[in-house]
Structures are given as C-alpha cells and as structure tokens.
Amino acid sequence: MRIATLNAPFRYGADPSQWITVPPQGYGGIQWVVSHLIDGFLETGNEVLLLGAPGSPPRPGLTVLPAIDAPSVATTLAEHAVDVVHDHSDGVMLPPYLALPTVGTHHLTGVPAVPVNCIYVSEAQRRQAGSLHAPVIRLPVNADHCEFSIAKKDYLLYIGRVSRHKGVHEAAAFAAAAGLPLKVAGPAWEKGYFNVLVGQFPHTVDYIGEVGPQQRAQLIAHARALLVLSQPVKGPFGTEWCEPGSTVVAEAAASGTPVIASDNGCLPEIVPRVGAVLNSGNNVTASEAERLLAILPSADELRNVALEQWGHVRIAEQYLRHFARAMRDDNWT
Ligand code: UDP
C-alpha cells in the first residue's frame, strides 16, 4: 500500500527555524506515534509519503514532502499516486473534498473534527467523543527506540509537558511521600504552574528541561517508576482532560519501567498490566507509596506486555485492515 501520512506541523520551541520532525527532536507525543507507525508500515512492506513534518529524515520506503498546510497537501497529493490518506492532524491538513480513501487517528480529547473513518486510541477517548462503534487501536511503540534496563536507580520520573492537566504536582507529592526525588523532563510553558511546583517541592523536584531521544530513553529506562497522574481539569483543547492514549506509558513498559497512574482517561484501561492505578485526589501516605513501589511488575514482564499491547508491527497491521476497509468504501463513524 502507498500511504500518505499527514502530520500537523509545529515549530520546534528550542529552534523555531525548524519544524518538529518525525521522530521529534524533543517533546512530541503525536510525532513519536507517527514515527512508530511509519516503522510498522515500512516493516510490513508498505510505502509512506510523510507530509507536515519537513526536515524529518527520509529512508528507503519513506519519502518526506514539504507540504505544511491543506492547500500544499492538495497540490502534493495531485502529483503523487497514493492508495490511502492517514490523517493525524484532526483535519487541519486535509484538503476539502479530497477524493481519496481517508482514515484519521484522533490524538486529542473531545469530538474529532472528522468523525467519519476515525480511529480512537482508547475506549475512554472514544466514549468522551460520543462514538460507540468506531475502532479503538492502541498507540504503537517500537522498542528499538527505547532502552531496556533491569537496573533501576533511586528516582521517579515525570516526562511530558509540565502542565496542570498532566498532574506534575500530584507526581511530586507522590515522590515526596515515597522519599524519592522526582526527575521532571519536558517543556515548562506554564510558568506560574512550574514556579509553584518547584517552590512547593524544592527537595523533591529535579527539573531537567526538555530532553531529546537519547536522554529520554536513558531517563525512562533507569527510573524506579514513571508517574502519569493526569487530572480531570480543563486541558489544552478546552474540554476536561481525558488522557487519550499516553505515549509515555507504552515507552516505559518497553523500557522495563513500571507506571503509577491516576484513573484519568485511558489510564485505567492500559496501566493495570504495567503498574498501579490510583484514584484521583488520593493523597498517598509514605507507607502506601512504599507498598505500591514494592508490588510493581518486573522489567521482563513489562517488556512482554509492551510488545503484546503496543508492538508497532501489530498496531500497523490493525491500521492496514482499516485502510483496506476505507479503500473498499466500507466506511464507519
Ligand atoms: N518527550 C520527550 N522529551 C521531553 C518530554 C517529552 O521526548 O522532554 C516525549 C515523551 O517521551 C512522549 C511525548 O514526548 O513520547 C509526550 O507524549 P504524551 O502522550 O505522554 O503526552 P501529550 O502528547 O499528551 O502531551
């Protein structure tokens, strides 16, 4: 199959002359998902044209094209024959009246801009969008981009944007109760939230800033546990935050690192096999934190679950079946 993959283009914060690439230079959940899926499509003998991520590295089977908006996508698709269009941009990059089979992946919270042929990344996300029958396909992870380690160090990790809906304060409170440092990696765009975080937990929070692929892989592989304590507060898309798919959970499991999560969005669906789920608003005591950290799954167990639940080739094969449906006009909502 020849697949046109549409990524939403964003400028890279640390160097705005560059676009965020696939895979990303630093923070970038959707870009990592697109990257892992492309790996899966190429490994199953397909060809991919990537639009919306200029500067991304091409390789055999993957052509990177310079389109950055819907009109330039239209021009590009008129010049290149493709079997299916796969949109990751919530419709932003889709030309109107596109006469090609099209499937979208919903990466955000709330209702997708294009509900026809939409694939959701969790049951919770699909429920929040009001859909009953559209397919749910988990986010992919290619373990080759992760470091696997059974040797853990005495720190907990939060990796992602430092924002209220991501529960970084709650992660720091958990780490403080556990008596362990919390390494925090990721961009801190909301300065007020960040300042309160470091002011309230000065002996717990070790802020590293945004990290690139190598440092990210090392940080995740050596953490005692990854904390994903996302909160049901107003998120970046206006609606109450419902963690859609959580890329970091799959990355942690593939690295042999367990996860301690809140019960927000997709987390109760995916975390029980790779860690523990806390109730939102639960203030964990020192003995509870110690007990939780002691019962987490082993690195080998986690790696097996990661391959089974999020393996990039398996996930790509699930997508290919839905691409084939769209190509024979067997559409869904
Ligand atoms: N990430 C990274 N460097 C950072 C912070 C985050 O590479 O400094 C990556 C992280 O490993 C994950 C993605 O950015 O792949 C964040 O995705 P997630 O789904 O967890 O968060 P969201 O997209 O909801 O913000």
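Everything below is about the structure shown above.
Residues numbered from 1 in each chain as written. Predicted model: local features only at pLDDT ≥ 70, side-chain atom pairs only at ≥ 80, totals over all residues. Heavy atoms only, no water.

A.B. asks: Would you mind going over the overall build of the protein with me for this structure?
C.D. replies: Scanning the protein from terminus to terminus reveals 11 helices and 12 strands. Relative to the globule expectation of 20 Å for 333 residues, the C-alpha radius of gyration of the protein, 20 Å, shows essentially globular dimensions. With respect to the three principal axes, the spread of C-alpha positions in the protein is 60 × 40 × 35 Å. Here the protein displays about 13,700 Å² of accessible surface, and carbon together with sulfur accounts for 53% of that area. The protein carries 23 positive and 30 negative side-chain charges, and their two centres are separated by 2 Å. (Helix = DSSP H or I, 4+ residues; strand = E, 2+ residues; numbered from the N terminus. Rg over C-alpha atoms; globule rule 2.2 N^0.38 Å. Areas by Shrake-Rupley, 256 points an atom, 1.4 Å probe, with all protein chains shown as cover. Lys, Arg positive; Asp, Glu negative; His and termini not counted. Charge placed at Lys NZ, Arg CZ, Asp CG, Glu CD.)

A.B. asks: Where do I start with helix α1 (residues 29–43) in this structure?
C.D. replies: Side chains that are three or four residues apart share a direction in an α-helix, a result of its 3.6 residues per turn. Relative to the 21 Å expected for 15 residues at 1.5 Å per residue, α1 spans 21 Å between its end C-alpha atoms, a close match to the ideal helical length. Burial within α1 is extensive, with 12 of its 15 residues counted as buried. Looking at α1, one finds that the buried residues are Gln31, Trp32, Val33, Val34, Ser35, His36, Leu37, Ile38, Asp39, Gly40, Phe41 and Leu42. Two residues or fewer past α1, Gly45 is found with a positive phi of approximately 85°. (Expected span 1.5 Å × (residues − 1). Buried < 20%, exposed > 50% of the residue type's maximum accessible area, 1.4 Å probe, protein only.)

A.B. asks: Sorry if this is basic, but what is going on with the environment of Arg161 here?
C.D. replies: With respect to the helices and strands, the residue Arg161 is situated in the loop between β7 (156–159) and α4 (168–178). The exposure class of Arg161 is buried, given its relative accessible area of 15%. If sequence neighbours within four positions are ignored, Arg161 has contacts with Tyr27, Lys166, Val168, Pro187, Trp189, Glu190 and Pro236. Among the polar contacts made by the side chain of Arg161, one reaches the side chain of Ser163 at a distance of 2.8 Å. (Contact = heavy atoms within 4.5 Å. Polar contact = N/O pair within 3.5 Å; in protein donor to acceptor, adjacent residues only side chain to side chain.)

A.B. asks: I would appreciate a short explanation of the packing of α1 against helix α11 (residues 312–327) in the present structure.
C.D. replies: Describing two packed helices takes the angle between their axes plus the distance from one axis to the other. For the pair α1 and α11, interaxial distance at closest approach is 8 Å and the crossing angle is 75°. Judged on the interaxial angle alone, α11 and α1 are roughly perpendicular. Judged by residue contacts, His36, Leu37, Asp39, Gly40, Phe41 and Glu43 of α1 engage His312, Val313, Ile315, Ala316, Tyr319, Leu320 and Phe323 from α11. Its residues assigned to classes, the contact of α1 with α11 shows eight nonpolar, three polar and two charged. (Axes fitted to C-alpha atoms, helices over the stretch in contact; angles between N-to-C directions. Parallel < 35°, antiparallel > 145°, perpendicular 65-115°, else oblique. Nonpolar A, V, L, I, M, F, W, Y, C, P; charged D, E, K, R; others polar.)

A.B. asks: Explanation requested: the sheet that holds strand β1 (residues 2–6) in the structure shown.
C.D. replies: The strands that make up a sheet pair up through hydrogen bonds in the backbone, lying either parallel or antiparallel. Pairing is parallel in the open sheet, where six strands are placed in the order β3-β2-β1-β4-β5-β6. Of all the strands in the sheet, the pair left with one neighbour each is β3 (62–65) and β6 (118–119). Summarising the sheet, β1 and strand β4 (residues 84–87) pair through four bridges and their orientation is parallel. Looking at β4, one finds that Thr5 is bridged to His86. Sheet strands in contact with α11 are β1, β4, β5 (102–105) and β6, and its direction is about 140° off that of β5. (Pairing = 2+ DSSP bridges.)

A.B. asks: Quick question: what am I supposed to make of the pairing of strand β9 (residues 205–209) here?
C.D. replies: Looking along a regular strand, one sees side chains alternate from face to face of the sheet. Pairing analysis gives four bridges linking strand β8 (residues 182–185) to β9, with the strands arranged parallel. For Val184, the partnering residue across the bridge sits in β9 and is Tyr207. Once you follow β8 into helix α5 (residues 191–200) and on to β9, the crossover reads as right-handed. (Right-handed = clockwise from strand over helix to strand, strands pointing away.)

A.B. asks: Even after reading the chapter, I still don't get the site of the ligand, so can you show me in this structure?
C.D. replies: Lining the immediate surroundings of the ligand are 19 residues, of which Tyr27, Lys166, Val211, Thr247 and Glu251 lie closest. Gly26 places a main-chain nitrogen or oxygen 3.1 Å from an oxygen atom of the ligand. Contact distances for the ligand include 2.5 Å between an oxygen atom and a side-chain N or O atom of Tyr27. A total of 550 Å² of accessible area belongs to the ligand in isolation, and the protein chains cover 93% of it. With three residues, helix α7 (residues 247–254) is the single largest residue contributor to the shell around the ligand. Each residue belonging to the shell around the ligand can be placed in one class, and the counts come to seven nonpolar, six polar and six charged. (Near = heavy atom within 4 Å.)

A.B. asks: I would appreciate a short explanation of the packing of helix α10 (residues 299–310) against α11 in the present structure.
C.D. replies: Look at α10 against α11: their axes get within 6 Å of each other, and the N-to-C directions meet at 15°. Of the possible angle classes, the one that applies to α10 and α11 is roughly parallel. Listed contacts from α11 to Leu307, Glu308, Gln309 and Trp310 of α10 are His312, Arg314 and Ile315. Here the residues of the contact of α10 with α11 sort into three nonpolar, two polar and two charged.

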